Amino acid sequence: RYGADLEALLKEIGRRYSVEDWTLVGTSEGSVSAFHAARMNPVLARRTILTASLFRPTRNGPGLSAAKWDDLSAELLWVHHEDDPCAYTSYRYAQEFSRRSRKPLLTVRGGGPGRGESCQAFTAHGFVGVERETVMAMRSWVKTGVVPADVKR
């Protein structure tokens, strides 16, 4: 039902605002939703960007640990901060998943200073201090299809 609901929503928004070309973006736990939404809607979701992705299982579910990458027809870009402090979203997993999915990884470096819990927005997990640069790099990929150089600050 999730895929059908999302399809109806995107079609209605597309009808109202003349949008035909969708890029789905998910961060942390939202990366699981974005992956499945894109997988279930291959005609609508042309690109998917997964940032600070939830790779390891948590009490909420398996994260992306069991994802079948061949089921995703959309172009995929991984975006991850090399100093992400969250145990479920570590950079080494981003490198591994990039290799397994055969999709590019945009690495983010610098920013800060962070504050708060490790899996929250005001740390490298949320790209604190490099938010604008990270979004602009993702935007560039959406517009050109070319993976930009790593983000550094």
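Our subject in this report is the structure included herewith.

## With respect to unusual backbone geometry
Part 1 of the argument: Of the consecutive residues Gly112 and Pro113, the connecting peptide bond is found in the cis state with omega at -5°.
Part 2 of the argument: On the secondary structure map, Pro113 appears in the loop between strand S4 (105-109) and helix H4 (131-144).
Part 3 of the argument: Positioned with a positive phi, Phe127 is a non-glycine residue whose angle comes to about 60°.
Part 4 of the argument: You can see Phe127 is positioned in the loop between S4 and H4.

## Describing the pairing of strand S1 (residues 22-27)
Part 1 of the argument: Burial of the side chains of S1 is restricted to one face: Trp22, Leu24 and Gly26 are buried, whereas none of Thr23, Val25 and Thr27 on the reverse face is.
Part 2 of the argument: The parallel pair S1 and strand S2 (residues 45-51), bridged by helix H2 (residues 30-40), forms a crossover whose chirality is right-handed.

## Remarks on the pattern of salt bridges
Part 1 of the argument: Going through the model one piece at a time under the given rule, you end up with 11 salt bridges.
Part 2 of the argument: With a shortest N-O distance of 2.9 Å, Asp70 and Arg102 are connected by a salt bridge. Taken together, the residues span a long stretch of sequence, with Asp70 in the loop between S2 and strand S3 (75-81) and Arg102 in the loop between helix H3 (91-101) and S4 at a distance of 32 residues.
Part 3 of the argument: Given a relative accessible area of 65%, Asp70 falls into the exposed group.
Part 4 of the argument: On the accessibility criterion, Arg102 (61% relative accessible area) is exposed.
Part 5 of the argument: When the shortest N-O distance is used, the salt bridge between Arg100 and Glu96 registers 3.1 Å. Separated by four residues within a single helix, Arg100 and Glu96 lie in helix H3, roughly one turn from each other.
Part 6 of the argument: What makes Arg100 partly exposed here is its relative accessible area of 40%.

## Side note on the layout of surface pockets
Part 1 of the argument: For the largest pocket, the calculated volume is near 210 Å³.
Part 2 of the argument: Lining the largest pocket, in full, are Ser28, Glu29, Leu54, Thr58, Arg59, Asn60, Cys86, Tyr88, Cys119 and Gln120.
Part 3 of the argument: The residue inventory of the lining of the largest pocket, partitioned by class, reads four nonpolar, four polar and two charged.

## Structural notes on the sheet that holds S1
Within a sheet, adjacent strands bond to each other through the backbone by hydrogen bonds, running parallel or antiparallel.
Part 1 of the argument: Reading across from one edge, S1-S2-S3-S4-S5 is the order of the five strands in this open sheet, with parallel pairing throughout. Since the sheet does not close on itself, it has two edges, and those belong to S1 and strand S5 (151-152), each with one partner.
Part 2 of the argument: Across two bridges, S4 lies against S5 in parallel orientation. When the bridges of S5 are listed, Val108 appears paired with Val151.

## Brief notes about the nonpolar core
Part 1 of the argument: Leu24, Phe35, Leu50, Leu64, Trp69 and Trp78 are the most contacted members of the largest nonpolar core, which totals 26 residues.
Part 2 of the argument: For this core, the secondary structure elements donating two or more residues are helix H1 (2-17), S1, H2, S2, S3 and H3.
Part 3 of the argument: A per-element tally of this core places H2 first, with five residues.
Part 4 of the argument: Contacts of Phe35, omitting those with residues within four sequence positions, involve Leu50, Leu64, Ala67, Lys68, Trp69 and Leu72.
Part 5 of the argument: Of all hydrophobic cores here, the second largest spans 12 residues; its members include Ile49, Leu77, Phe127 and Ala137.

Calculation notes
Residues numbered from 1 in each chain as written. Predicted model: local features only at pLDDT ≥ 70, side-chain atom pairs only at ≥ 80, totals over all residues. Heavy atoms only, no water. Helix = DSSP H or I, 4+ residues; strand = E, 2+ residues; numbered from the N terminus. Buried < 20%, exposed > 50% of the residue type's maximum accessible area, 1.4 Å probe, protein only. Right-handed = clockwise from strand over helix to strand, strands pointing away. Salt bridge = Lys/Arg side-chain N within 4 Å of Asp/Glu carboxyl O. 1 Å grid on protein atoms, 1.4 Å probe; cavity = no way out; pocket = protein on both sides within 12 Å on 5 of 7 lines; lining within 4 Å. Points joined across faces, edges and corners; volume = space filled by probe spheres on them. Nonpolar A, V, L, I, M, F, W, Y, C, P; charged D, E, K, R; others polar. Pairing = 2+ DSSP bridges. Core = buried A, V, L, I, M, F, W, Y, C linked by side-chain atoms within 4.5 Å. Contact = heavy atoms within 4.5 Å.

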